[in-house]
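# Structural overview
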Amino acid sequence: MLRYTGHPLVYVCVAALGSYIGKQDPASLTAEDLYSAARFLERLYTQPGPMQNLIRGSVFFNAGYYQPSESIRTAYVQRTLYSWHAQPPSHTKEKCSFCGGSAAYRANREDVPLLNGRHVYNFSAQGRAGLPICGHCSLALHMLPLGCTKIGRGLLAVHSENPHITFAIADRACRALLSTISMNSAEGITALSFERTRFIEMIVSAFAEQQASGDHSVSGYSFSNYGADPMIHIMTIDSGVAEWLGNMLHHPDATLTAAWARLVAGAWDARKQPDQALQRNAVYEAVLNLPASARLFSAKYLRKTRHFGLMALFCERILDMTPEQIALLRALGDRFAQHARLKRGFFHDFTRIQEYTPWRRRI
């Protein structure tokens, strides 16, 4: 009844729905599971509280969940959460834009974040307002706040073509949110800071828990559907960088993993915020610039660890160097080190000369 469609937001939402029910495989979700999720969302969104404030401000702009009229609320809930089992015949000839199934209605910004508003035809497919959507994708998309993490003025959704990684991150976000709202905190849902740091932090946690090697790229979508100021920022690490992260976290050489952990631990900026969940991490944010800034990353961060195995793994996975090339660099480095022990002036010049021509002459 539900499946991973390949669309990033639907992918995350299906994972969040599975997390709430307790089933990772969407194919195992039953009609009763979908009814349970729909009833839960109905209670969660139509009652005043932190979740209604969250969806009003970031996700479902001007939605029927929080309208004063009971008839409007009821009609909206039936259309978005329950139309998967009773699709209106007037729309069955249209195909869902997300999964290709029979559409139940045409969605707009009230139903799916970042679409056009109601009756807005500009830049709409086929010159018709809204996008056709089926009841299953509609229900799944309304799980979106539970599969995301609140950061700044919006939400952060993380997607990978590896379903285990997507599910692990959505599951952690869902559990954290359910725990927060169960405590009935008067302060509401805490917004984290530094979306780039949080994005890599989530990936690292998922790789560590799933014993994953990172064979797929991972993307983060930081978005807000708020009023007249919607926004989206997209962050991506490619499959090569993801594989490097996964291999580093599960490397058989424990000293390599420990050296990376020390590097990350020393990169947290605790000057203004004692809570690490609200701090920026310089190393994590630099990872997002790979592989383009590989030279700067190795010089600024990896060299500090003084661990050749860590540097060798970086050269192999990020710079695509062969074992023979890495061995040659090791031999060359050993010869430079041996010479520097005999002539300290060479080491001083070798590490401080900034221009290539005099540096080459010194060598």
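See above for the structure.
Here's what I pulled together on the structure shown here. Model, not experiment: these values are computed from the prediction. (Residues numbered from 1 in each chain as written. Predicted model: local features only at pLDDT ≥ 70, side-chain atom pairs only at ≥ 80, totals over all residues. Heavy atoms only, no water.)

### Here we look at the overall build of the chain
Helix and strand counts for the chain come out as 16 helices and six strands. For the chain, the spread of C-alpha atoms along the three principal axes comes to 85 × 45 × 40 Å. For the chain, buried positions account for 47% of its 363 residues. By element, 53% of the accessible surface of the chain is carried by carbon and sulfur atoms, the whole surface being about 18,500 Å². (Helix = DSSP H or I, 4+ residues; strand = E, 2+ residues; numbered from the N terminus. Buried < 20%, exposed > 50% of the residue type's maximum accessible area, 1.4 Å probe, protein only. Areas by Shrake-Rupley, 256 points an atom, 1.4 Å probe, with all protein chains shown as cover.)

### Quick look at the nonpolar core
If you look at the biggest cluster of nonpolar residues, it comprises 52 residues, and the most contacted ones within it are Y45, M51, Y65, I133 and L146. Ignoring any residue separated from it by four or fewer positions in sequence, one finds Y65 in contact with Y45, T46, Q52, I55, F60, R73, Y76, V77, T80, L81 and H142. (Core = buried A, V, L, I, M, F, W, Y, C linked by side-chain atoms within 4.5 Å. Contact = heavy atoms within 4.5 Å.)

### Brief notes about the environment of I200
With respect to the secondary-structure elements, I200 resides in helix α8 (residues 195–210). Through-space distance from the C-alpha of I200 to that of N281 is 9.5 Å; in sequence the pair is 81 residues apart. If we ignore the near neighbours within four places in the chain, the residues touching I200 are I237, Y284, V287 and L288.

### Comments concerning the environment of T236
Here T236 lies in strand β6 (residues 231–237). For T236, the side chain forms a polar contact with the side chain of S219, separated by 3.2 Å. (Polar contact = N/O pair within 3.5 Å; in protein donor to acceptor, adjacent residues only side chain to side chain.)

### Remarks on the packing of helix α9 (residues 239–249) against helix α13 (residues 308–317)
As a packed pair, α9 and α13 sit with axes 10 Å apart at the nearest point and diverge in direction by 155 degrees. The angle between α9 and α13 places the two elements in the roughly antiparallel class. For the pair α9 and α13, the sense of crossing is right-handed. Together, G240, E243, W244, N247 and M248 of α9 and L310, L313, F314 and R317 of α13 make up the contact between the two elements. (Axes fitted to C-alpha atoms, helices over the stretch in contact; angles between N-to-C directions. Parallel < 35°, antiparallel > 145°, perpendicular 65-115°, else oblique. Left-handed = near helix turned anticlockwise from the far one by under 90°.)

### Focus: the sheet that holds strand β5 (residues 218–224)
Ordered in space as β3-β4-β5-β6, the four strands form an open sheet in which the pairing is antiparallel. Whereas interior strands pair on both sides, the edge strands pair on one side only; in this sheet they are β3 (149–151) and β6. Direction aside, the axes of adjacent strands within the sheet are offset by 25 degrees on average. Pairing geometry for strand β4 (residues 154–160) and β5, over six bridges, is antiparallel. Residue pairing in the sheet places L155 in a bridge with F223 of β5. Of the strands in this sheet, β3, β4, β5 and β6 touch α8, which is tilted by about 45 degrees from β6. (Pairing = 2+ DSSP bridges.)

### Considering the pairing of β4
Here is the key point about a regular strand: its side chains alternate between the two faces of the sheet. Counting buried positions along β4 yields seven of seven residues, so the element is predominantly enclosed. Hairpin remark: β3 followed by β4, antiparallel, with two residues in the connecting loop; positive phi at G152, about 60 degrees.

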